[in-house]
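Observations on the three-dimensional arrangement
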Amino acid sequence: MIFEELGLDGVHLVETKVHGDARGAFVELFVGERLHAATGRLMEVAQVNCSVSRRGTIRGIHLTAAPPGEAKYVTCVSGSIVDMVVDVRVGSPTYGASVAIPLDDVRRRAVYIPAGFGHGFAAVSETAVVAYMCDRVYTPGKAISIDPLDPRLALPWPAMDDIVLSDKDRTAPTLAQTEALGVLPSYADLRAEALSGPRA
């Protein structure tokens, strides 16, 4: 595995090695010890989610309020997507910045996203199956949604004839509106937590 930081503090692209033969292929998608060695961050998997999306679907931008926050490890197990990570940590020097990462079932890459970042993706294949591991179980009342089409964010979504959004994502507030609600994570608090050691 090769880990590459993507310009947003702690967000890493994970390049995996696909072993193929006459039977098909095998790949190690996640190894906690290697993630820790490469990034300095521990991730104990508490929940694994899987979504199936048709072409043109955008899911996100989503995150979990901190505390408790939520780190994610995302991969596309079938089809192809453009994965999107947005820095929504208030006070961060890269606040509002984003990175777009193509993920597919050929290269089998993954993205590690620490707590405090917004996440979403767009399905670009006819059907895309996305699996993501989380270091926290779903916490009712802590979910935050931000408008994925917010002009201020100007996220580089792929060109699509039709965009499919859930009602929740279609009516989600902009980044500025979400910040005004006072629910976004604090850069200073998350940095202090990271320096204090592994999360309980």
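Just so you know, these numbers come straight off a predicted model, no measurement behind them. Along each chain, numbering runs from 1 in the same order as the chain's sequence is written. Local features in this predicted model are restricted to residues of pLDDT 70 or higher, and side-chain atom pairs are both shown and tallied only at a pLDDT of 80 or more, whereas totals for entire chains, interfaces and linings draw on every residue. Just so you know, side-chain values use all the structure's heavy atoms and leave hydrogens and water out.

Points about the nonpolar core
Using the following cut-off: Definition used in this section: a nonpolar core is a set of buried Ala, Val, Leu, Ile, Met, Phe, Trp, Tyr and Cys residues joined via side-chain atoms within 4.5 Å. Throughout, exposure labels follow a simple rule: accessible area from a 1.4 Å probe, protein chains only, divided by the maximum for the residue type, with under 20% read as buried, over 50% as exposed, and the rest as partly exposed. Counting from the N terminus, the helices are DSSP H or I runs at least four residues long and the strands are E runs at least two residues long.
Formed by 20 residues in total, the largest nonpolar core has its most connected members in Val11, Ile81, Val85, Ile101, Leu103 and Val111. Where this core is concerned, the elements lending two or more residues are β7 (72-78), β8 (80-87), β9 (98-104), β10 (110-113), β11 (117-123) and β12 (127-134). Looking at this core, the element that brings in the most residues is β12, giving 4 residues.

Structural notes on the UniProt feature "active site" (unreviewed entry) in the protein chain
Put simply, the rule is: UniProt positions are given in the numbering used here, feature names are shortened, and annotations may be inferred rather than shown by experiment. It only takes one pair of heavy atoms within 4.5 Å for two residues to be counted as in contact.
This chain's UniProt record puts "active site" (unreviewed entry) on His62 and Tyr132. With the annotated positions falling across 71 residues, the maximum pairwise C-alpha distance of 12.9 Å places them together in a single cluster. When you line up the elements, His62 lands in strand β6 (residues 58-64). With relative accessibility at 23%, the residue His62 sits in the partly exposed group. Among all residues touching His62, those that are not within four sequence positions of it are Lys72, Phe117, Gly118, His119, Ile144, Ser145, Lys168 and Asp169. The residue Tyr132 is located in strand β12 in this model. Not counting residues within four places of it along the chain, the set of residues in contact with Tyr132 comprises Gln47, Val48, Asn49, Lys72, Tyr73 and Val74.

Quick notes on the pairing of β11
Rule in force here: Two strands are counted as paired when DSSP detects at least two bridges linking them.
The buried fraction of β11 is high, at 7 of 7 residues. By the alternation rule, side chains of β11 split into Phe117, His119, Phe121 and Ala123 and Gly118, Gly120 and Ala122, which are all buried. The pairing of β6 with β11 spans 3 bridges and is antiparallel. Each residue of the ladder has a partner; that of His62, found in β11, is His119. Inspection of the sheet shows β8 paired to β11 by 7 bridges, in the antiparallel sense. Across the sheet, residue Val86 finds its bridge partner in β11, namely Gly118.

What about the pattern of salt bridges?
What counts, and what does not: By definition here, a salt bridge exists when the distance from a side-chain nitrogen of Lys or Arg to a carboxyl oxygen of Asp or Glu is within 4 Å.
Here the structure, examined in full by the defined rule, presents 10 salt bridges. For Glu28, the salt bridge goes to Arg34, with nearest N and O atoms at 3.1 Å. In this structure Glu28 comes out as partly exposed when scored by relative accessible area, which is 37%. A residue is classified by how much of its surface remains accessible, and Arg34, at 38% relative accessible area, is partly exposed. Counted as one network, the salt bridges with shared partners bring together Asp9, Asp87, Arg89 and Arg191.

Digging into unusual backbone geometry
Look at the link from Gly60 to Ile61: it is a cis peptide, with omega at 10°. Relative to the elements of secondary structure, Ile61 occurs in strand β6. The phi dihedral of Arg108 falls on the positive side, at around 60°, and the residue is not glycine. Positive phi outside glycine occurs at Ala154, with the angle close to 50°. Here Ala154 lies in the loop between β13 (143-145) and α2 (167-170).

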